[in-house]
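Observations on the model geometry
Single-letter residue listing:
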Amino acid sequence: VCPDDMVHVDGAANLRGADAATCCRAKPDCSTLGGNDCSEALPGWAGDHACVVHATTGGSTCSAYCAKASMECVRGQDNAGGCKLDPNHARQTTEQNGCLQSWGDQICACA
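1. Focus: the state of the cysteines
Taken as a whole and judged by the stated rule, the model has five disulfides. Sulfur-sulfur distance for the disulfide between cysteine 62 and cysteine 108 comes to 2.0 Å. Around the S-S axis, the bridge from cysteine 62 to cysteine 108 shows a dihedral of about -80° and counts as left-handed. Highlighted residues: cysteine 62 in helix H2 (residues 62-68) and cysteine 108 in strand S6 (residues 105-110), separated in sequence by 46 residues. In this structure cysteine 108 comes out as buried when scored by relative accessible area, which is 0%.

2. Remarks on the pairing of strand S4 (residues 51-56)
With respect to burial, S4 is a largely interior element, five of its six residues being buried. Pairing between strand S3 (residues 36-37) and S4: two bridges, direction antiparallel. Within the sheet, the bridge partner assigned to aspartate 37 lies in S4 and is valine 53. Where S4 meets S6, six bridges bridge the pair, whose relative direction is antiparallel. Bridging from a neighbouring strand, valine 53 pairs with cysteine 108 of S6.

3. Digging into the sheet that holds S3
Spatially, the four strands line up as an open sheet ordered S3-S4-S6-S5, and their pairing is antiparallel. Each edge of the open sheet is held by one strand with a lone partner, namely S3 and strand S5 (73-78).

Rules and cut-offs
Residues numbered from 1 in each chain as written. Predicted model: local features only at pLDDT ≥ 70, side-chain atom pairs only at ≥ 80, totals over all residues. Heavy atoms only, no water. Disulfide = S-S within 2.5 Å. Helix = DSSP H or I, 4+ residues; strand = E, 2+ residues; numbered from the N terminus. Buried < 20%, exposed > 50% of the residue type's maximum accessible area, 1.4 Å probe, protein only. Pairing = 2+ DSSP bridges.

Have a look at this one:
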């Protein structure tokens, strides 16, 4: 179990007997990211280690959006209004979990 100010590293919940230093890392600081917080609307979409936002990307990518906040893109997908994911994800490249899709606004997960 991780302390309150930390989250599990991907897959670490399956490591029995491991200590917090092995299985946990600090929660990301989402305060500098901007956009509208979508973490409650999309729980589990990008894991608990990422900030999930409806971002105005202006025709750019989630990779570029996250990089502006010194973070890395974990996942990106076009939205169908606010924090609702557009189910037609494959209209653009799905490489790097959609982080390379270029939209005016989209859902970005940054860590």
